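Analysis of the macromolecular model
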Amino acid sequence: MRQGFRARLVLVTTLALMFFSVLLARFYYVQVHRHDELLSKAQKKYTSKRLSKGRRGMIFDSTRSPAPNILAMTRVTYEVFAEPRHMGARKWEIFEILKKETGVSDAALRPRFENEKLVQVVVAKGITIDKVMKLREMSLPGLHYKESQSRFYPKNNLASNLLGFVSHTGDGAMGIESKYNKQMTPTSGEVVIERSRRNKELQTLKSVNPKDGWDVYLTISEPIQSFMEEELDRLVAEIPCKSVYAMMTDPRTGAILAMAQRPTFNANDRSTMTRDKYANRLLEDVFEPGSIMKACSISVVMGLRNYSFNDRIDCEDGMWYHAGKPLRDAGHHYGNIPIWQVIQKSSNIGTAKLALSVGKNAMYAGLRRFGFGERSGLNIGTESRGIFRHVDKWDGLSISRMSIGQGIAVTVPQMMQAWGAIANDGNMMQLRVVDKVKKPDTGEVIEYPPVLKRRVLPLRVTQGMTNALKTVTRDGGTAPKAHVPGYYVAGKTGTSQKWVNNAYSNRIHVASFVGYAPADNPEFVLMIVVDEPAYKYRYGGTAAAPTFRRIAEKTLRYLNVKPDLPDEITDEVK
Amino acid sequence: MEKAPYRPQFRVIMLVSVFLLVCFSLPMLYSTSAPVHGNKYFFNQSLFVCVGATLAFFVQFIDYNWLCRNARWFLVICCVALLYLVLANILSKAGYADIAKKFPLIKAIKGSYRWFRIGGFGIQPAEFTKIALVLVLSEYYHHNIKRVHEFKWGFMFPGLIGACVMMLIMLGGSLSMTVLTGTVLLTVMFVAGARLRWLVSCMFLGVAGVFAVAKISPVRAARFESFLTPEQLSADKGYQLWHSLLSLGSGGWTGQGFSESRMKNEYLPEAHTDFILAIVGEELGFICILMVCFCYLVFLVSSLRVAGQARNVRGVILGATLGCTVVQHAFVNMGVICGLLPTTGITAPFISYGGSSMVSAFISVGLLLSVDRVTSTGEYVPEKPSNSHVKGPLMLPGENIE
């Protein structure tokens, strides 16, 4: 008996050993051989990464007290999701609460609640945080909230062409938003946790806080910008025209205080956004400046020749032939007048003669020094260089035409920069619109201080030019409508014919006005350009000057500038 | 017949291996179930261990010869219990689930009735039926050992008894338990000395039968498919096996450290019962799995030696089969968690949570101790079969060969 059983029991033991060897081989294969692979796959199951977004940098204006105005900000809104299956008996009660709190219509929500197959339904998007907090406090079952960020421009279309907008991905697509996208983009935070299958947090492996993007502080002054926006709206309402550009800078620092255009858009409303509206046309469009150029060209002459502004020049009898072509003074017969009056009356003949006295090379060099034919270096988007042919390509007529602003095309910033030099005692400042960028959490600041681009004119010339330009806005000048009561305003009108069908049109014009106030100690240079105004309003003195006056008046009052023409104040009071 | 000297150390070794397994099981069970279920399972399991150990302690004082002689009644009780469950199952499958629900003492778990519920604890009669079957068959072979080489006496009759029991378990809806009962049956026959060719052909038949059933039943077909490709089907059917593999694989040689398992956080279903060794593998690594296997093997060998010392056929067959049964469970369980065998609900003896398996494993130990105790008294009285058609002196296998 023993032998028989023993043999079988030994066989059982052997079999068991064999089976267990196979088993252990399999365990070795799973546990040791595939360890790395299976461990990483397991970790993928129980670790979860939560990304948290920081806030995109805001855009502020230059106001400092009481606080900077917000021009662009990121709004945190919530998407509300519901899981009707998990609401049990409270389903319809919650339905009513959701309807009340989120304002979703009954018709939109009811079918989604009735459908038993749906696991999760979207209730509403763009719900503000206070409403979400209210819903959360009620601790209703089966509700989830997902944070999302959207860009919001609290002032709607104020400076919208400068600010630009963001694309659906949240990246800047135009303007400051695009140019400073890198700085304003937040770095996202990351929390890596280990979780149970039901999403209970077990432990935190890694936690990186999100960092908000840098805030951008512009040199734009929101109140001044809004005066400008208001007045441009009024202008386009009063005067039929194709488009309007306006820009105001501080000549002492080159800071742009306001810039606006019509047509424009509202970045909060995608339906207003078309290419022709959202383009920053102040930088992209060029126009023939007309008479506003005379201030620059005569300054060039005065800087090179030892003339006095009282020296007389023969402006002929309203018509003067140069290089075989007639040059007219629009029906006026000025005769022999002093140079300051050439400016006041905007004589084409006088200006051309003065330009000829220095020659075309000197004139070309002088205007180049004023910044024509080169980009202003504002660096906030696509910018045109204007059209300013090289002197080698000038014909005999060019010098007489360029000096009065014909045959040359400029952009608004170029002209602002040149006029800034005249207003700022000959010092041409680099235009700038971004004052500083600031890191909101650490307060770290990168400043963009004013930069002197170059000295363009001697003080003698700028003072004389300012005195001459003051007369433009007084009785006898071309733009008495630009006169601001109580202040000396130096300015110049421009009326240029547009080049249509290979000829200068008599019907289609660009009317403009540039000026600075107070003339002797200017706070700002302001330029208004009206493109293709109705024929009635073709002159700079009628189309642009009144708007100039209104904006200048409001701005001077806002800046608390002391009037330098006291007599007139009393006159007005009387 | 020569009388081999009795050696008590095998009993000690067997008890030590059980002791080690149980001591290892309780902290592991706590670690596995605490994050999700708290203390509940730990305390229950401790209670089961106490009940099981107490039972084992008392069972060893019962003479297994007496037990075997009366085992048929025990088997009858078990079969009645199984029938009760089968009835409930058939009713619920046939569309009378409401009536089945009204049956006292039982409760459907995952759609089928395999458990009695008494006082909050589940009792799986199939576990105890196996022990009863072993007892009955030991008694049978004790009386028919002379005719064990004959097909009719050595294979057919015991096979029929076993087949009836298996049929009941199968109708109760537990294929894995049926298969395990089948292996118990084959083990008894093998130890008793039935002809190998019957057993082997029977085994093949069984395997084919399992495949057939697996093919017919869509649930089981899916299980089988997921067993072959757990990763591809990890979203639903292969979920459990794949997560078991993930947790084992996370362990490596030395594991993530005690209580450091991640998969126990509801990722691995049944982590505290059938799949506890997967968590062991994750927390303590391959080395610990090796040690657990070693313990089981030690238990097997020592229980076989205890059985081998028995003074009569009953003892040998009873002891050897019970030892084998326990280790078979362990083997199947471990085969399942590492993907060697298709997923079934078999617990790891002494380690997995579960009252029935713990108590039945301890009863097996108690019976082995009983065999050992009777052997150690040294009295061997070849008793006259009281209830047998075999006349004349008892013949043991091997005797007629000599």
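Rules used throughout
- Residues numbered from 1 in each chain as written.
- Chains lettered and ligands numbered in written order.
- Predicted model: local features only at pLDDT ≥ 70, side-chain atom pairs only at ≥ 80, totals over all residues.
- Heavy atoms only, no water.
- Helix = DSSP H or I, 4+ residues; strand = E, 2+ residues; numbered from the N terminus.
- Contact = heavy atoms within 4.5 Å.
- Areas by Shrake-Rupley, 256 points an atom, 1.4 Å probe, with all protein chains shown as cover.
- Buried < 20%, exposed > 50% of the residue type's maximum accessible area, 1.4 Å probe, protein only.
- Buried area = accessible area lost by both parts, 1.4 Å probe.
- Salt bridge = Lys/Arg side-chain N within 4 Å of Asp/Glu carboxyl O.
- Polar contact = N/O pair within 3.5 Å; in protein donor to acceptor, adjacent residues only side chain to side chain.
- Nonpolar A, V, L, I, M, F, W, Y, C, P; charged D, E, K, R; others polar.
- Expected span 1.5 Å × (residues − 1).
- Pairing = 2+ DSSP bridges.
- Axes fitted to C-alpha atoms, helices over the stretch in contact; angles between N-to-C directions.
- Phe/Tyr/Trp six-rings, centres within 6.5 Å; stacked < 30°, edge-to-face > 60°.
- Lys NZ or Arg CZ within 6 Å of the ring centre and 35° of its normal.
- Core = buried A, V, L, I, M, F, W, Y, C linked by side-chain atoms within 4.5 Å.
- Parallel < 35°, antiparallel > 145°, perpendicular 65-115°, else oblique.
- Left-handed = near helix turned anticlockwise from the far one by under 90°.
- pLDDT = per-residue confidence, 0-100.

So, about the overall build of chain B. Across its full length, chain B holds 14 helices and 2 strands. Contacts spanning at least 24 positions in sequence make up 73% of the contacts within chain B whose residues lie at least 6 apart. Of the accessible surface of chain B, which amounts to about 16700 Å², a share of 70% is contributed by carbon and sulfur atoms.

What follows is about the overall build of chain A. Counting its regular elements, chain A contains 21 helices and 21 strands. Every one of the 574 residues in chain A was classed for burial, and the buried ones make up 52%. Of all intrachain contacts in chain A linking residues separated by at least 6 positions in sequence, the fraction that spans at least 24 positions is 72%. When the accessible area of chain A is evaluated, it comes to approximately 25700 Å², of which 51% is carbon and sulfur surface.

Once that is clear, we can look at the interface of chain B and chain A. Chain B puts 61 residues into the contact, and the matching count from chain A is 38 residues. Between chain B and chain A, roughly 4500 Å² of surface is buried when both sides are summed, and carbon and sulfur atoms account for 70% of that area. At the junction of chain B with chain A, the criterion picks out 3 salt bridges. We note a salt bridge from Glu266(B) to Arg198(A), for which the minimum N-O separation is 3.0 Å. Joining chain B to chain A, the criterion identifies 17 residue pairs in polar contact (both at pLDDT 80 or more). Split by residue class, the side of chain B that touches chain A holds 39 nonpolar, 16 polar and 6 charged.

Let us look at helix H4 (residues 71-93) of chain B. All names here are of chain B. Helix length check: H4, at 23 residues, gives a terminal C-alpha distance of 32 Å against a target of 33 Å (1.5 Å per residue), a fit within 8%. For H4, the full list of buried residues reads Ala-71, Leu-75, Cys-78, Cys-79, Ala-81, Leu-82, Leu-85, Val-86, Ala-88, Asn-89 and Ser-92. Residues of H4 that are buried in the fold lie against helix H3 (64-69), helix H5 (97-101), strand S1 (116-118), helix H6 (125-144) and helix H7 (151-171). Residue Gly-95 follows H4 closely and has a positive phi angle near 100°.

The next thing to look at is the environment of Met465(A). Residues and elements named next belong to chain A. Within the secondary structure layout, Met-465 lies in helix H18 (residues 459-470). As for Met-465 and Met-302, which are separated by 163 residues in sequence, their C-alpha atoms are 9.0 Å apart. The contact partners of Met-465, leaving out residues within four places of it in the chain, are Ala-295, Ile-298, Ser-299, Phe-309, Ile-343 and Ile-422.

As a further point, take the sheet that holds strand S19 (residues 490-500) of chain A. All names here are of chain A. Spatial strand order, S10-S9-S21-S20-S19: 5 strands in an open sheet with antiparallel pairing. Each edge of the open sheet carries a strand with a single partner, namely strand S10 (255-262) and S19. Mean inter-strand twist for the sheet, computed between neighbouring axes without regard to direction, equals 15°. Contacting strand S9 (243-250), S10 and strand S21 (524-531), helix H9 (residues 222-238) crosses the sheet at an angle of about 25° to S10. Across the face of the sheet, H18 comes into contact with S19 and strand S20 (503-517) while running at roughly 75° to S19.

If you walk through the whole model with that rule in mind, you get 35 aromatic pairs over all chains. Measuring from ring centre to ring centre gives 5.0 Å for Phe165(A) and Tyr278(A), while their planes differ by 75°; the resulting arrangement is edge-to-face. With Phe165(A) in the loop between helix H6 (160-163) and helix H7 (175-179) and Tyr278(A) in helix H10 (residues 275-278), the pair connects residues that are 113 residues apart, well separated along the chain. Relative to Trp394(A), the ring of Phe388(A) lies with its centre 6.1 Å away and its plane at 55°, an arrangement referred to as tilted. Judged by relative accessible area, Phe388(A) falls into the buried class, the value being 9%. An aromatic cluster is present here, built from Phe19(A), Phe20(A) and Phe331(B) joined pairwise through their rings. Lying over the aromatic face of Tyr488(A), Lys470(A) brings its terminal NZ or CZ to 4.7 Å of the ring centre.

Our focus in this paragraph is the side chain of Lys353(A). All names here are of chain A. As for its position among the elements, Lys-353 is in helix H14 (residues 348-358). You can call Lys-353 buried: its relative accessible area is 17%. Sequence-distant contacts of Lys-353, that is, excluding residues within four places in its chain, are made with Ile-313, Asp-314, Glu-316 and Trp-320.

Moving on to the pairing of strand S12 (residues 319-322) of chain A. All names here are of chain A. Burial along S12 is one-sided: the face carrying Trp-320 and His-322 is buried and the face carrying Met-319 and Tyr-321 is not. Note: S12 against strand S13 (residues 325-328), 4 bridges, orientation antiparallel. Paired with Trp-320 across the bridge in S13 is Leu-327. The loop that links S12 with its antiparallel partner S13 comprises 2 residues; one of these, Ala-323, has a positive phi angle of about 50°.

In terms of nonpolar packing, the biggest core is built from 131 residues, with Phe20(A), Phe27(A), Tyr296(B), Met334(B), Phe350(B) and Ile351(B) touching the most fellow members. Here this core gets 18 residues from one element, more than from any other, and that element is helix H12 (residues 276-308) of chain B. Residues Leu257(A), Tyr334(A), Val437(A) and Ala511(A) belong to the second largest nonpolar core, which totals 120 residues.

Moving on to the packing of helix H1 (residues 9-37) of chain B against H12(B). Residue and element names in this part refer to chain B. Where H1 contacts H12, the axes come no closer than 8 Å and their chain directions differ by 160°. By the criterion of interaxial angle, the relationship of H1 to H12 is roughly antiparallel. By crossing handedness, the relation of H1 to H12 is classed as left-handed. A per-class count over the contact of H1 with H12 returns 20 nonpolar, 5 polar and 3 charged.

The next subject is the pattern of salt bridges. If charged atoms from side chains of opposite charge come close, those side chains can pair. Scanning the model with the defined rule gives 44 salt bridges over all chains in all. Of the charged contacts, one joins Glu127(B) and Lys130(B) as a salt bridge, the two residues approaching to 3.8 Å between their closest N and O atoms. Within this pair, Glu127(B) and its partner Lys130(B) are both found in helix H6, separated by 3 residues, close to a single helical turn. In this pair, the class of Glu127(B) matches that of Lys130(B), namely buried. Members of the salt-bridge network, linked through shared partners, are Glu230(A), Glu231(A), Arg234(A), Glu238(A), Arg550(A) and Lys554(A).

Our focus in this paragraph is the confidence of the model for chain B. Caution is warranted with low-pLDDT regions, since their predicted coordinates should not be read in detail. Residue and element names in this part refer to chain B. Here chain B averages 85 in pLDDT, and 92% of its residues register 70 or above. Here residues 383-402 is a poorly scored stretch, pLDDT under 50, and it has 33 contacts once near neighbours within four places are set aside; other chains count. Interface scoring of the predicted complex returns ipTM 0.89; its pTM is 0.69.

On to unusual backbone geometry, then. All names here are of chain A. The step from Arg-262 to Pro-263 runs through a cis peptide bond, and the omega angle for that step is 0°. Checked against the element boundaries, Pro-263 lands in the loop between S10 and H10. Note that the residue after Ala-517, namely Pro-518, is joined by a cis bond; omega there is -15°. Backbone geometry at Ser-346 places phi at a positive 60°, although glycine is not the residue there.

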